[in-house]
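Architecture and fold: a report
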Amino acid sequence: PGNSGGALADAAGRVIGINSMIAGGLGLAVPSNAVQRFLRTRATRPTLGVTTQPVLMPVQGGRILGLLVLDVAAGSAAETAGLMTGDIVIGQNGAGFARPDALLDALTDAAPDAPFRLEIVRAGQRTTRDVPLRFAPPAEAQAA
């Protein structure tokens, strides 16, 4: 209370983030580079239409990060591409995921005219799905 949404400044007075909440006695903030990326991509927002959970998948010689699909929204781009609950997304456009939020980063950086191909594991078999992303305008433009 009292500082959420306020600027987080360094000792030189430069804004380096936006205060968001206090958890466990620590003040948390959204980094300014994440805010800048959000503002740059605000004109259009790609949507996929899935709910995922990070999982570690065993592979020969180690483990890889995957995103277990928990839900696919009806009528979504993911449904159109044939994604199903239980699929594990393991990569996008040939690159694996290094962090659980890598898919969100890929969506944020996606271009309307560029292919968006997901690598998935379904019933133990690897396959790819081309996803026809839908770019929705920001909420203010929809309301206007």
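Residues numbered from 1 in each chain as written. Predicted model: local features only at pLDDT ≥ 70, side-chain atom pairs only at ≥ 80, totals over all residues. Heavy atoms only, no water.

**Let's talk about the pattern of salt bridges**
- Counted according to the given criterion, the structure contains five salt bridges.
- Residue Asp-10 pairs with Arg-14 through a salt bridge whose shortest N-O separation is 2.7 Å.
- A residue is classified by how much of its surface remains accessible, and Asp-10, at 23% relative accessible area, is partly exposed.
- For the salt bridge of Arg-99 with Asp-105, the shortest nitrogen-to-oxygen distance reads 2.1 Å.
- Here the salt bridges do not stand alone but share partners, grouping Arg-99, Asp-101 and Asp-105 into one network. (Salt bridge = Lys/Arg side-chain N within 4 Å of Asp/Glu carboxyl O. Buried < 20%, exposed > 50% of the residue type's maximum accessible area, 1.4 Å probe, protein only.)

**Thoughts on the nonpolar core**
- Core analysis: the biggest nonpolar cluster contains 21 residues, and Leu-48, Val-89, Leu-103, Phe-116, Leu-118 and Val-131 have the highest contact counts within it.
- Those elements that provide at least two residues to this core are β6 (62-72), α2 (77-81), α3 (102-109) and β9 (117-122). (Core = buried A, V, L, I, M, F, W, Y, C linked by side-chain atoms within 4.5 Å. Helix = DSSP H or I, 4+ residues; strand = E, 2+ residues; numbered from the N terminus.)

**Looking at the pairing of strand β7 (residues 88-92)**
- When you tally the buried positions in β7, you get five out of five residues, the bulk of the element.
- The pairing of β6 with β7 spans two bridges and is classified as antiparallel. Looking at β7, one finds that Leu-67 is bridged to Val-89.
- Two elements, β7 and β9, share four bridges in a ladder whose sense is antiparallel. Bridge pairing in β9 links Ile-88 to Val-121.
- The sheet contact formed by β7 and strand β8 (residues 95-96) spans two bridges and is antiparallel. Paired with Gly-91 across the two strands is Gly-96, which belongs to β8.
- Once β7 ends, the chain turns through two residues before running back antiparallel as β8, passing Asn-93 with a positive phi of about 50 degrees. (Pairing = 2+ DSSP bridges.)

**Remarks on unusual backbone geometry**
- In this model, Asn-93 sits at a positive phi of 50 degrees, which is unusual for a non-glycine residue.
- Mapped onto the elements of the fold, Asn-93 is located in the loop between β7 and β8.
- We note that Ala-123 has phi near 50 degrees; this positive angle belongs to a residue other than glycine.
- Within the secondary structure, Ala-123 sits in the loop between β9 and β10 (125-130).

**Brief notes about the environment of Val-89**
- Mapping Val-89 onto the fold places it in strand β7.
- Given the relative accessible area of 1%, Val-89 is considered buried.
- As a C-alpha pair, Val-89 and Leu-68 span 21 residues in sequence and 6.4 Å in three-dimensional space.
- Not counting residues within four places of it along the chain, the set of residues in contact with Val-89 comprises Gly-66, Leu-67, Val-69, Leu-83, Phe-97, Leu-118, Glu-119 and Ile-120. (Contact = heavy atoms within 4.5 Å.)

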